[in-house]
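Survey of secondary and tertiary structure
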Amino acid sequence: MKAIEISNLTKYYGKARGIIDVSFDVEEGEIFGFIGPNGAGKSTTIRTLMSLIYPDSGTAKIFGKDCIKDGVEVRKGIGYLPSEVFYYDNMKVLNLLKYSASFYGKVDMTRIKYLAEVMDLDLSKKIDDLSYGNKKKVGIVQGLLHNPKLIILDEPTGGIDPLIQQRFFDLILEENKKGATVLFSSHILSEVQRLCTRVGIIKDGKMIKVENIEVLQNTNYKKYKITMREDLPKDFFGITGVSNYAEDHKEASFIFSGDPNIMLEKLYHQKVQNLTIEEPSLEEIFMHYYEK
Amino acid sequence: MNIFIQEMKMSFKTRLSWLVGLLVFIGLFMAMFPAMAKAAGTLQAVLDKFPAAFVTALGLANYDLGNILGYYGFLSVYILLFLAIFAMKMGMGIISEEIRVKASDFLLTKPVSRLAILSWKALCAFANITIVSLVFSVVTYFICLVMSSKGVDTKIYVLISLIFFLVQLFFMTFGMMMGSFLKKVKTLLPPVMGMVFGFYAIQFLSQSFPDAHLAYLTPFAYFDIAKIISTGMLDMQFLYLDLGVSIVFIALAFIKYIKKDMPSV
């Protein structure tokens, strides 16, 4: 059975575009990446799955059940982490988690304690006193405490430090091994690449492509910024795999997809003043990806 | 049930502080009753010198300030305002809670229908106004007993308490309706006070111009406490009107709440 089936989902907020005719499936047991720039429609799609908003047309099914009509039944099996986490400020973390757990039957304290320990979360604090990152941790724990069959994460890593991020990814992989399906929305390609088996790319409210992650992984995009001691030789970076090229005397910046050794060899005999190699933004990749 | 318990916990401070405020108010004014009763004759003489329209507009006519229930009736205008603000704040607050604190993505993604969520919330608001009315009425009853040497007519006292409750019911359901229809509710007290005083202003006008139609527009005019004190009877027509309007308000609140798109943060 498919974990998620979305067909021709359309949502406008008044006249403002939310999503237009979005369709894709998520197989049971996979980790599906849902990527796109801010405002592309990721949250709109997810909030429809959670029946926080109602679609204008189209349907969304989770494990074969309609998200709106059978909403209560559907939501029993979902763990959801919203992109912005807000709770009742006056509550203690533990009480909020217990309240959350009470919607799914018996409160499993060992599970709450285990998750809190992994995420390094202090259960005795008031929500109000927590930093943004710590609130996000509360969100993660409350999303996972009932062992959901489907985990929906909307930009989950914002605000949490790399160490906790790693633990969080491990936790998600662990849940996935136990059989949970994961829908992972993000605008950061590298974290999607790390976890997911397939990705769906959404832009301006429309689904552009659903792609196997290997395809994206084999194309190794990096953004290079180079400053030379002398003016650049003419057409120095004119090799295959270079795109978005911009040059200004001694400086050059571009996106290179391919074996990094090729670029390093090329630079080896040059007098380099400064060199940065970084992850390109999603927009930059899209530009590269769809130029071809 | 968990939602109800949670909501009752979260509204504990509001409930307590309003109750304490009300009791302090009534305690202070009731302490003045013996002095007022003594001077009732003089006061009446002064009031008689004011233009009749002015006295009516202030709601001072028809109250025998020398009698404990007459005095209570005279205070009832202020008590009603207090209770109305509390009830409307309760109704509007409980329905807009998740939107105000941006917790919709928490509560509304749980495996529970919006109908159930709002039912528990409405029940909590209802419980709150019931508790506040009941505790206030019982405590005040004993204050009246202590203050009055001639005893208290219990039947009339109960009717007045019932009116307090019915007016609160109107404002609670009205608050719920407003809370579900307004797009972004950021604060509660300013809009609530604005609207309650708006209804009170209509009542003020309706008392000054005895135009019967104006009275239909404001719950403050539904029940004439002075008349109840003298006749011991409720105006049933307005009782049904109050209940009917409350049912319409709450029904609209439910319909809108179940259908609406929850704003993202």
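See the structure printed just above.
Residues numbered from 1 in each chain as written. Chains lettered and ligands numbered in written order. Predicted model: local features only at pLDDT ≥ 70, side-chain atom pairs only at ≥ 80, totals over all residues.

**Re the overall build of chain B**
- Tallying secondary structure elements over chain B gives twelve helices and zero strands in all.
- Put simply, chain B runs from its N terminus to its C terminus through helices and strands in the order α-α-α-α-α-α-α-α-α-α-α-α.
- Each principal axis of the C-alpha atoms in chain B carries an extent, and together these give about 65 × 40 × 30 Å.
- Counting the 265 residues in chain B, one finds 37% classified as buried.
- Of all intrachain contacts in chain B linking residues separated by at least 6 positions in sequence, the fraction that spans at least 24 positions is 80%. (Helix = DSSP H or I, 4+ residues; strand = E, 2+ residues; numbered from the N terminus. Buried ≥ 20, exposed ≤ 12 C-beta atoms within 10 Å, placed from the backbone. Contact = placed C-beta atoms within 7 Å.)

**Quick notes on the nonpolar core**
- Within the largest apolar cluster, 65 residues are counted, with the highest numbers of intra-cluster contacts made by Val141(A), Ile152(A), Val182(A), Leu183(A) and Phe184(A).
- Ranked by the residues each element gives to this core, the list is headed by helix H3 (residues 93-101) of chain A, at five residues.
- Listed in part, the 63 residues of the second largest apolar core include Trp18(B), Ala125(B), Tyr222(B) and Tyr257(B). (Core = buried A, V, L, I, M, F, W, Y, C linked by C-beta atoms within 7 Å.)

**Considerations on the interface of chain B and chain A**
- On the chain A side, the residues contacting the 19 residues of chain B number 21 residues.
- Broken down by secondary-structure element, the contributors of at least two residues to the side of chain B that touches chain A are helix H1 (2-10) and helix H7 (104-107) of chain B.
- Across the side of chain B that touches chain A, the residue classes break down as nine nonpolar, six polar and four charged. (Nonpolar A, V, L, I, M, F, W, Y, C, P; charged D, E, K, R; others polar.)

**Digging into helix H6 (residues 162-177) of chain A**
Residues and elements named next belong to chain A.
- In this model, H6 (16 residues) spans 22 Å end to end at C-alpha, consistent with the 22 Å of a helix rising 1.5 Å per residue.
- Here H6 has its buried residues at Ile164, Phe168 and Ile172. Down the axis of H6, the smallest arc covering the buried residues is 80°, so these residues share one side. Residues of H6 that are exposed and point over 90 degrees away from its buried face: Pro162, Leu163, Gln166, Asp170, Glu174 and Lys177.
- Against helix H5 (132-144), strand E7 (150-154), strand E8 (181-186) and helix H7 (189-195) lie the buried residues of H6.
- Gly179 sits one or two residues past H6 and shows a positive phi near 120°. (Expected span 1.5 Å × (residues − 1). Arc of directions from axis to C-beta.)

**Section: the environment of Ile202(B)**
Residue and element names in this part refer to chain B.
- Within the fold, Ile202 resides in helix H10 (residues 189-208).
- When the 18 C-beta atoms within 10 Å are taken as the criterion, Ile202 is described as partly exposed.
- Note: C-alpha distance between Ile202 and Tyr216 (14 residues apart in sequence) is 9.9 Å.

**A few points about the packing of helix H9 (residues 154-181) of chain B against helix H12 (residues 236-259) of chain B**
Residue and element names in this part refer to chain B.
- Running from amino to carboxyl end, H9 crosses H12 at an angle of 25°, the nearest separation of the two axes being 8 Å. Accordingly, the angle class assigned to the pair H9 and H12 is roughly parallel. Viewed along their axes, H9 and H12 form a crossing whose handedness is left-handed. On the side of H9, the interface is formed by Leu166, Leu169, Phe170, Thr173, Phe174, Met176, Met177, Ser180 and Phe181, while H12 contributes Leu239, Asp242, Val245, Ser246, Phe249, Ile250, Leu252, Ala253, Lys256 and Tyr257. (Axes fitted to C-alpha atoms, helices over the stretch in contact; angles between N-to-C directions. Parallel < 35°, antiparallel > 145°, perpendicular 65-115°, else oblique. Left-handed = near helix turned anticlockwise from the far one by under 90°.)

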